[in-house]
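# Structural features, examined
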Amino acid sequence: LLSQIKQEKNTWRLPPIHTIREDQKGNIWVGTTEGLFLYYPKSGEFSRFYSNPNDPKSLIDNSILDIHCSPDGQVWLSSPKGFSKLIWENGKVSFE
């Protein structure tokens with residue numbers, strides 16, 4: 001998987017990785033020491049999510065220790081500061 005990610009044209013250099021999970025849609029979630037990365041294998045694109053102390057709907061912490069993709073499509077994250085639930089709403093991502 002990592003070799004596939006590194007071979008894509010416009011990749012980001014990934015920080016140290018704690019966990020990798022695949023969701024029901026085939027997207028790859030990567031929990032790192034510097035936030036959450038989402039890789040879309042079909043398009044080769046990445047999204048990055050990180051903690052912002054001024055935004056209460058951002059990640060609770062940048063160190064993502066584990067990711068759980070539940071059968072109902074929910075994505076849950078654990079970090080040293082607690083748990084976050086990913087919310088998809090009107091094409092935007094937030095966390096609670």
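Up top is the structure these notes are about.
Below is a short write-up of the structure. (Residues numbered from 1 in each chain as written. Predicted model: local features only at pLDDT ≥ 70, side-chain atom pairs only at ≥ 80, totals over all residues. Heavy atoms only, no water.)

## Observations concerning the pairing of strand 4 (residues 45–49)
- In the sheet, strand 3 (residues 35–40) pairs with strand 4 via five bridges, with the strands oriented antiparallel. By the bridge assignment for strand 4, Leu-36 is matched with Phe-49.
- Between the antiparallel neighbours strand 3 and strand 4 lie four residues, among them Gly-44 with a positive phi of about 75°. (Pairing = 2+ DSSP bridges. Helix = DSSP H or I, 4+ residues; strand = E, 2+ residues; numbered from the N terminus.)

## A few points about the sheet that holds strand 1 (residues 17–22)
- Spatial ordering of the open sheet is given by 1-2-3-4, a layout of four strands whose pairing is antiparallel. Here the strands that pair on one side only, and so sit at the sheet edges, are strand 1 and strand 4. Between one strand and the next, the sheet's axes are offset by a mean angle of 20°, whatever the strand orientation. (Axes fitted to C-alpha atoms, helices over the stretch in contact; angles between N-to-C directions.)

## Re the nonpolar core
- Of all hydrophobic cores here, the largest spans eleven residues; its members are Trp-29, Leu-36, Leu-38, Phe-49, Leu-59, Ile-64, Ile-67, Val-75, Leu-77, Leu-86 and Phe-95.
- Taken together, the elements giving at least two residues each to this core come down to strand 3 and strand 6 (75–79).
- Contacts of Val-75, omitting those with residues within four sequence positions, involve Trp-29, Ile-67, His-68, Cys-69, Ser-84, Lys-85 and Leu-86.
- Counting residues in hydrophobic clusters, the runner-up holds five residues, among them Ile-28, Val-30, Phe-37 and Tyr-39. (Core = buried A, V, L, I, M, F, W, Y, C linked by side-chain atoms within 4.5 Å. Buried < 20%, exposed > 50% of the residue type's maximum accessible area, 1.4 Å probe, protein only. Contact = heavy atoms within 4.5 Å.)

## Notes on unusual backbone geometry
- Of note, the phi angle at Asn-90 is positive, near 50°, even though the residue is not glycine.
- Position of Asn-90 among the secondary structure elements: in the loop between strand 7 (82–89) and strand 8 (92–95).

## A few points about the packing of aromatic side chains
- For the structure shown, the criterion picks out three aromatic pairs.
- Both rings, one in Tyr-39 and one in Phe-46, keep their centres 4.9 Å apart while their planes meet at 40°; by these two values the pair is tilted.
- Overall, the relative accessible area of 3% leaves Tyr-39 in the buried class.
- Both rings, one in Phe-49 and one in Phe-95, keep their centres 5.8 Å apart while their planes meet at 75°; by these two values the pair is edge-to-face. Taken together, the residues span a long stretch of sequence, with Phe-49 in strand 4 and Phe-95 in strand 8 at a distance of 46 residues. (Phe/Tyr/Trp six-rings, centres within 6.5 Å; stacked < 30°, edge-to-face > 60°.)

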